[in-house]
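# Structural characterization, general
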Amino acid sequence: MALMTGEQYIESIRKIPMEIYMFGKKVENPVDNPILRPSLNSVRMTYDLAQMPEYQDLMTVVSPDTGERINRFTHIHRSTEDLRNKVKMQRLLGQKTAACFQRCVGMDAFNAEYATTFEVDKKYGTSYHENFKKFMLYCQENDLTVDGAMTDTKGDRSKAPHAQDDPDLFLHVVERRPDGVVVCGAKAHQTGIINSHEVIVMPTQSMGPDDKDYAISFAVPLNTEGLFMIIGRQSCDTRKLEGTEIDVGNSEFGGVEALTVFDHVFVPNDRIFLNGETEFAGMLVERFAGYHRQSYGGCKVGVGDVLIGAAAVAADFNGAAKASHVKDKLIEMTHLNETLYCCGIACSAEGTPTESGNYMIDLLLANVCKQNVTRFPYEIVRLAEDIAGGLMVTAPGEADMKDPKLGPVIDKYLRGVSSVSTENRLRILRLIENLSLGTAAVGYRTESMHGAGSPQAQRIMISRQGNLAHKKELAKAIAHIKE
Ligand code: SF4
Ligand code: FE
């Protein structure tokens, strides 16, 4: 079975007994939980679209490893065309879900691991690349969703992993056995973890020689003993419990994050991809972050398309669409959004092969892409709120609209143009609210800031990759400065 249907995916997740907590209680049936289900639906879209002939070229690829048609989310990029198609696929999924569809972290971890394990083996004669390839083929053949877990909780930022007062603040090896290792620690902000079959764990930063136990990378299934998740709260999350579709804004899709705890988790030898080779921790982080910074030039652009569309519809519905300042704001939003897409496509087009043969994006351009993502969605949201007007945050709820006395009053006074129902006008405003302030704002705003690394992480990479020395030489040559 190379490709699962969306329904088969949902049922496959249902079969995995996961230890998930929310609001102080264990969640017994996460798949049907109204707060959690929209995030599962977002991942499901990566399966549903792969079944549709019109999206086959974008969503699937014939694997050079298995010869079978596989989902692109489990693919190892073999060309710059693959890299560009990845970004286009992510834009499409952002458009279809208006949320984080989560499966990209696994794809980005796959490609970072594929290249890095090859180079570690070359230096040390280890067998991490074989371990990883075996795991990768298993995921390709079974069309699995894989989470990528990188961000440690980090404790005191001024101290190295081994120097923390509590050693578990960075995930690390606590026991070495002949058949594997035992790890302890936690990974924060894990979007998609509860919707995944497997998780790839990676170190969170460069490591020094004293951090050997922390330079660990591996994969385990989600029902591994000692692994549990605590769901993060989101603004307006309990609206999903009220049974009101309109108030939720995007009732079908969403994203959910979890603090993921590894409490003495055993990892067998053949699932280990790095184990103590500290100098490669930084390479793995840099590559994974680079791929994920490229990813944001696709997914956030797709969500931006929905937000721009929603702002334009809101203007249609209140009769402001022809105002020149509204038209100009929509142009500005489009300009910003397409600039992000330019960066995603550019870093892909300038990709190059690694020693292992897979393709790496241009790291400088990918970091510029993500740096722009830390800014432009905020401006796009600001303009959407400007066009939407205050009603976006002051409108009465769906229950009032259904009330026999209040409903007609709301219908009368909150109508815009008379040809559009008040309900439809409020539906589009709630969608804008959801993307700017509600549960989806986690994915479109704060994740734009901190996902794939906070702004400063990109600035460090830009300073490293920017080649200032070369620029100085150029200036001196033009100015005829001879030293
Ligand atoms: Fe994919 Fe974007 Fe979500 Fe990352 S933030 S997993 S790139 S949708
Ligand atoms: Fe993300």
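Described below are features of the structure shown in this document. (Residues numbered from 1 in each chain as written. Chains lettered and ligands numbered in written order. Predicted model: local features only at pLDDT ≥ 70, side-chain atom pairs only at ≥ 80, totals over all residues. Heavy atoms only, no water.)

## Section: the nonpolar core
M59, F73, L93, L307, M333, I432 and L435 are the most contacted members of the largest nonpolar core, which has 60 residues in total. Secondary-structure elements contributing two or more residues to this core are α4 (80–97), α5 (104–124), α8 (281–318), α9 (324–349), α11 (376–388), α12 (391–394) and α15 (422–436). At twelve residues, the largest contribution of residues to this core is made by α8. For L307, the contacting residues outside a window of four places in its chain are M333, I380, V381, A384, I432, L435 and Y444. One finds Y128, L171, V181 and A215 within the second-largest nonpolar core, a separate group that totals 46 residues. (Core = buried A, V, L, I, M, F, W, Y, C linked by side-chain atoms within 4.5 Å. Buried < 20%, exposed > 50% of the residue type's maximum accessible area, 1.4 Å probe, protein only. Helix = DSSP H or I, 4+ residues; strand = E, 2+ residues; numbered from the N terminus. Contact = heavy atoms within 4.5 Å.)

## Structural notes on the side chain of T278
Position of T278 among the secondary structure elements: in the loop between β12 (272–275) and α8. The exposure class assigned to T278 is buried, which follows from its relative accessible area of 9%. If we ignore the near neighbours within four places in the chain, the residues touching T278 are M207, G208, P209, D211, K212 and A215.

## Side note on the environment of A315
Along the chain, A315 turns up in helix α8. Since its relative accessible area comes to 2%, A315 is described here as buried. With 116 residues separating them along the chain, A315 and L431 place their C-alpha atoms 14 Å apart. For A315, the contacting residues outside a window of four places in its chain are A320, A321, V326 and I387.

## Focus on the packing of α5 against α8
Orientation of α5 relative to α8, taken along the N-to-C sense of each, is 145°, at an axis distance of 9 Å. In this structure, α5 crosses over α8, and the sense of that crossing is right-handed. For the pair α5 and α8, contact is made by C104, V105, D108, A109, N111, A112, E113, A115, T116 and E119 and by M283, L284, R287, F288, Y291, H292 and S295, respectively. Class assignment for the residues of the contact of α5 with α8 results in nine nonpolar, four polar and four charged. (Axes fitted to C-alpha atoms, helices over the stretch in contact; angles between N-to-C directions. Left-handed = near helix turned anticlockwise from the far one by under 90°. Nonpolar A, V, L, I, M, F, W, Y, C, P; charged D, E, K, R; others polar.)

## Quick look at the sheet that holds strand β9 (residues 216–221)
Strand order across the open sheet formed by four strands is β5-β8-β9-β12, with mixed pairing between neighbours. The sheet terminates laterally at β5 (146–149) and β12, the two strands that pair on one side only. In this sheet, adjacent strand axes meet at a mean angle of 20° when their direction is disregarded. Pairing analysis gives four bridges linking strand β8 (residues 198–201) to β9, with the strands arranged antiparallel. Its bridge partner lying in β9, E198 is registered against P221. With respect to the sheet, α5 is in contact with β5, β8, β9 and β12, its orientation differing from that of β5 by roughly 65°. (Pairing = 2+ DSSP bridges.)

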